[in-house]
Amino acid sequence: MESLLIVVVLFVILGFGLALVRTRSNATRRELHGRDAPVLDGTDAGLHQPADEASSRWRDDGTPESEAVLADEPAPPTAKEEEPKTAKAQEPEILSTPPTSISSSLSRSRGPFASLFSRLRSDAGVDPEEWTRLEETLILSDMGPTLAGEIVTELKRQLGKSPSAEALRGALVALLESKFCEGPRQLQFSPNAKPSVVLVVGVNGTGKTTTIGKVASLLMREGRSVMIAAGDTFRAAATEQVGVWASLTGVEVVSGQPGADPASVIFDTIEHARAVGSDVVLCDTAGRLQTKTNLMEELKKIRRVAAKSSGEVTEVLLVIDATTGQNGLRQAEVFHGAAEVTGIVLTKLDGSAKGGVALAIESEFGLPIKLVGLGEGLNDLAPFDPKAFVAALVGEETDV
Ligand SMILES: Nc1nc2c(ncn2[C@@H]2O[C@H](COP(=O)(O)OP(=O)(O)OP(=O)(O)O)[C@@H](O)[C@H]2O)c(=O)[nH]1
């Protein structure tokens, strides 16, 4: 009897120990991949491959080599797909992530502006050294030397050489606000029955796939039916990654074979979306450096082929990582040239970004920032409000 009791106690201790180790390993995985990182379980949740990849190739001029063969219905779920998905189990946690505010995100830029204005307050008027400090502060906030110089020249013209700190702050805020463009900040959708096509483009790792997940979630909550084209056929894990976001949001994904022509995958998805009556197709594309001519040519082809589909390309969103600073300007220029960008998504504003590049892009290229990424969770996406942004940048208000 006594030995039986000892055996039972040993089993209980062993079981408790195993449970502890499992919990710890899950926690470690989340630490490594970010607080909202979905756990990949190797299943292809929500993924659906076009019927015959080879049957839907495109010539470089954007004309079809042959008719695409489309599967009208998603492939029947396999036994594996019917199992509960680990990623789905995490949905409530990801959706409940408290959104970060733009104000707290831009605290890095606000610091130098705050110290500049606190110094100015104690002085009678702005002296030449302080004008130089203002210009440096603008440059340090990632606006770039050209725009910073223009702003200082314009402020001097408006206010004279030695305005009060109060007058300077008011004029600076008004001038920064006026530098933003007038373009529509809302995502645009087709008024016709055609599916609206949103191409998502940008350099590697800027947050394109994550943004697609966030936008899919947003649109689903607005009551739109959404489909995702897994157009990044280059990076091995990209299709799986987009599948995880899709399963979190309950959106169907159409994917191609690894290495397939991305324009074909996107075309097939749009035609499938048309057939099943989806409202919006979000198209993921491979990350590409703006300096790689062949990849920019591929992007032009994607744009042409999407335009020839039965959908309507209503948005080409360029995703820019705000922490890359002034390089974002060059990305905007080249991607706009290749793919007729309609708007910018500025991601990672929650990181070490200083934010001024938003203003530089808008004033130089007239491309509206439509959305900002403020974290890795589904809710960490916000509309862009120039006034709130300037207030947060210059530190006019504390809780934007
Ligand atoms: N902090 C923060 N991280 C983000 C944000 N958006 C994306 N990320 C992270 O950035 C990393 C890259 O994101 P992806 O969505 O894979 O980027 P991608 O542009 O699709 O990458 P490629 O396909 O390789 O070009 C991931 O770790 C994301 O979690 C954001 O707004 N804030």
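Note that the coordinates shown come from a computational prediction; the quantities given were computed from them, not determined experimentally. (Residues numbered from 1 in each chain as written. Predicted model: local features only at pLDDT ≥ 70, side-chain atom pairs only at ≥ 80, totals over all residues. Heavy atoms only, no water.)

Student: Account for the overall build of the chain, naming residues and giving values.
Tutor: On a plain count of helices and strands, the chain comes out with 16 helices and nine strands. For the chain, the proportion of its 400 residues judged to be buried stands at 50%. Restricting to contacts in the chain with at least 6 residues of sequence separation, those with at least 24 account for 79%. Counting every atom, the chain has about 18,500 Å² of accessible surface; 56% of that belongs to carbon and sulfur. (Helix = DSSP H or I, 4+ residues; strand = E, 2+ residues; numbered from the N terminus. Buried < 20%, exposed > 50% of the residue type's maximum accessible area, 1.4 Å probe, protein only. Contact = heavy atoms within 4.5 Å. Areas by Shrake-Rupley, 256 points an atom, 1.4 Å probe, with all protein chains shown as cover.)

Student: Go over the side chain of threonine 137 with me, naming the residues and quoting the values.
Tutor: With respect to the element layout, threonine 137 can be found in helix H7 (residues 128–143). Dropping the residues within four chain positions of it, threonine 137 is found in contact with Pro112, Phe113 and Leu116.

Student: Just give me the short version of the nonpolar core, but keep the residues and values in it.
Tutor: A general feature of soluble globular proteins is that nonpolar side chains tend to end up buried together. Leu134, Leu138, Ile151, Leu155, Leu172, Leu199 and Leu346 are the most contacted members of the largest nonpolar core, which totals 72 residues. By residue number, the principal contributor to this core is helix H9 (residues 165–179), which donates seven residues. A domain-level breakdown of this core finds at least three residues from each of domain 1 (106–179) and domain 2 (196–384). Residues in contact with isoleucine 151, not counting those within four places in the same chain, are Leu138, Met143, Leu172, Leu175, Leu176 and Lys179. (Core = buried A, V, L, I, M, F, W, Y, C linked by side-chain atoms within 4.5 Å. Domains from an automatic or database assignment.)

Student: I'd like a rundown of the site of the ligand, residues and numbers included.
Tutor: Surveying the vicinity of the ligand reveals 20 residues, the closest of which are Lys208, Thr209, Thr210, Asp350 and Glu376. With respect to the ligand, the backbone of glycine 205 contributes an N or O atom lying 2.9 Å from an oxygen atom. Take aspartate 232: an N or O atom from its side chain is 3.4 Å from an oxygen atom of the ligand. Protein contact buries 81% of the 650 Å² of open area that the ligand shows by itself. (Near = heavy atom within 4 Å. Polar contact = N/O pair within 3.5 Å; in protein donor to acceptor, adjacent residues only side chain to side chain.)

Student: Give me the lowdown on the packing of aromatic side chains, citing residues and values where you can.
Tutor: Summed over the entire model, instances satisfying the criterion amount to three aromatic pairs. Taking 5.6 Å as the distance between ring centres and 55° as the angle between the ring planes, the aromatic pair formed by phenylalanine 180 and phenylalanine 384 counts as tilted. Taken together, the residues phenylalanine 180 in the loop between H9 and strand E2 (196–201) and phenylalanine 384 in the loop between strand E9 (381–383) and helix H16 (386–394) connect sequence positions 204 residues apart. Here phenylalanine 384 falls in the buried class, since its relative accessible area comes to 4%. The interplanar angle of 55° and the centroid separation of 5.0 Å between the aromatic rings of phenylalanine 384 and phenylalanine 389 together place this pair among those described as tilted. Phenylalanine 389 carries the same exposure label as phenylalanine 384, and that label is buried. Here the aromatic residues Phe180, Phe384 and Phe389 are joined through ring pairs into a cluster of three or more. Lying over the aromatic face of phenylalanine 189, arginine 224 brings its terminal NZ or CZ to 4.0 Å of the ring centre. (Phe/Tyr/Trp six-rings, centres within 6.5 Å; stacked < 30°, edge-to-face > 60°. Lys NZ or Arg CZ within 6 Å of the ring centre and 35° of its normal.)

Student: Explain the pairing of strand E3 (residues 226–231) to me, and be specific about the residues and the numbers.
Tutor: Along E3, six of the six residues are buried, which leaves the element largely enclosed by surrounding structure. As paired elements, E3 and strand E5 (residues 280–285) share six bridges and run parallel to each other. Note on E5: the bridge partner recorded for valine 226 is valine 280. Here E3 runs beside strand E4 (residues 252–255); their pairing, made up of four bridges, is parallel. Bridge pairing in E4 places methionine 227 opposite glutamate 252. What joins E3 to E4 is helix H11 (residues 238–249), and the crossover it makes is right-handed. (Pairing = 2+ DSSP bridges. Right-handed = clockwise from strand over helix to strand, strands pointing away.)

Student: Got a sec to walk through the pairing of strand E8 (residues 369–373)? Specific residues and values, please.
Tutor: In terms of burial, E8 is largely enclosed, as five of its five residues are buried. With three bridges joining them, strand E7 (residues 343–347) and E8 adopt parallel strand pairing. In the sheet register, valine 345 faces E8, and the bridge partner there is leucine 371. Remark: the E7/helix H15 (residues 356–365)/E8 crossover connection has right-handed handedness. Direction of pairing for E8 relative to E9: antiparallel, over a ladder of three bridges.

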